[in-house]
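For reference, the chains in residue letters:
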Amino acid sequence: MPCVRTVLGLLAACGAIAFLGYCIYFDRSRRGDPAFKRRLREKRRAQQRKAEGRGAQLWDPAKNEKLQEFFLQEVRMGELWLSRGEHRMGVEHLSNALLVCGQPQELLKVFKHTLPPKVFEMLLHKIPLICQQFEADMNEQEYLEDDRD
């Protein structure tokens, strides 16, 4: 019996070595192929153009105006809710404004000086949640855009 095990072990080792050798050979021949390098460059350029196209769409002046309107509306709604004593709703709207703001650090400094400390703390605790929600929305949007292509 030990002879059969030894033979099977040697066959398995030889098969694994042959497979690894084939993988190395195939990878070298693939990487050495000029057409592969050309296709890889074209693919990277296409991805870069697609990313630049998305960036241009995101900061379209018409959309930028809508973002500014949305930002101002959310700040007003946040102030309104805070003046009514509804801190949670006010923080919700202010966090939405913070999300679309072009300079969130500056806005946070303004909020720090103008909001009550309790409300500012609530806003700071809300920031990671809105960032996660924004990332999830962006991933879903990219997924839907990829499905159309």
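Residues numbered from 1 in each chain as written. Predicted model: local features only at pLDDT ≥ 70, side-chain atom pairs only at ≥ 80, totals over all residues. Heavy atoms only, no water.

## What about the UniProt feature "transmembrane region" (unreviewed entry) in the protein?
Residues annotated in UniProt with the feature "transmembrane region" (unreviewed entry) correspond here to residues 6-26. Taken end to end, residues 6-26 has its terminal C-alpha atoms 30 Å apart, with 100% of it in helix and 0% in strand. (UniProt positions renumbered as here; feature names shortened; annotations may be inferred. Helix = DSSP H or I, 4+ residues; strand = E, 2+ residues; numbered from the N terminus.)

## Examining a positive patch on the surface
Together, Lys37, Arg38, Arg39, Arg41, Arg45 and Arg49 make up a positively charged patch on the protein surface. Summarising the element assignment, Arg49 is placed in helix H2 (residues 34-58). (Patch = residues over 30% accessible without salt bridge, like charges linked within 9 Å, V, L, I, M, F, W, Y side chains within 5 Å. Areas by Shrake-Rupley, 256 points an atom, 1.4 Å probe, with all protein chains shown as cover. Salt bridge = Lys/Arg side-chain N within 4 Å of Asp/Glu carboxyl O. Lys, Arg positive; Asp, Glu negative; His and termini not counted. Charge placed at Lys NZ, Arg CZ, Asp CG, Glu CD.)

## Focus: the side chain of His93
With respect to the element layout, His93 can be found in helix H4 (residues 87-100). Judged by its relative accessible area of 14%, His93 is buried. Side-chain polar atoms of His93 contact the side chain of Glu74, separated by 2.8 Å. Residues within four places of His93 in sequence aside, it is in contact with Glu74, Met77, Gly78 and Trp81. (Buried < 20%, exposed > 50% of the residue type's maximum accessible area, 1.4 Å probe, protein only. Polar contact = N/O pair within 3.5 Å; in protein donor to acceptor, adjacent residues only side chain to side chain. Contact = heavy atoms within 4.5 Å.)

## Digging into the packing of aromatic side chains
Tallied over the entire structure, the rule returns one aromatic pair. Between Arg84 and the ring centre of Trp81, over which it is positioned, the NZ or CZ distance is 5.5 Å. (Phe/Tyr/Trp six-rings, centres within 6.5 Å; stacked < 30°, edge-to-face > 60°. Lys NZ or Arg CZ within 6 Å of the ring centre and 35° of its normal.)

## Let's talk about the environment of Glu74
With respect to the helices and strands, the residue Glu74 is situated in helix H3 (residues 61-83). Judged by relative accessible area, which is 6%, Glu74 ranks as buried. Along the sequence, Glu74 and Leu94 sit 20 residues apart, while their C-alpha atoms lie 6.2 Å from each other.

## Focus on the packing of H4 against helix H5 (residues 104-114)
At their nearest, the axes of H4 and H5 sit 8 Å apart, and the two run at 150° to each other. By the angle between their axes, H4 is roughly antiparallel relative to H5. Seen along the crossing, H4 lies across H5 with a hand that is right-handed. The residues of H5 that touch H4, namely those facing Leu94, Ala97 and Leu98, are Pro104, Leu107, Leu108 and Phe111. Taken together, the residues of the contact of H4 with H5 break down into seven nonpolar, no polar and no charged. (Axes fitted to C-alpha atoms, helices over the stretch in contact; angles between N-to-C directions. Parallel < 35°, antiparallel > 145°, perpendicular 65-115°, else oblique. Left-handed = near helix turned anticlockwise from the far one by under 90°. Nonpolar A, V, L, I, M, F, W, Y, C, P; charged D, E, K, R; others polar.)

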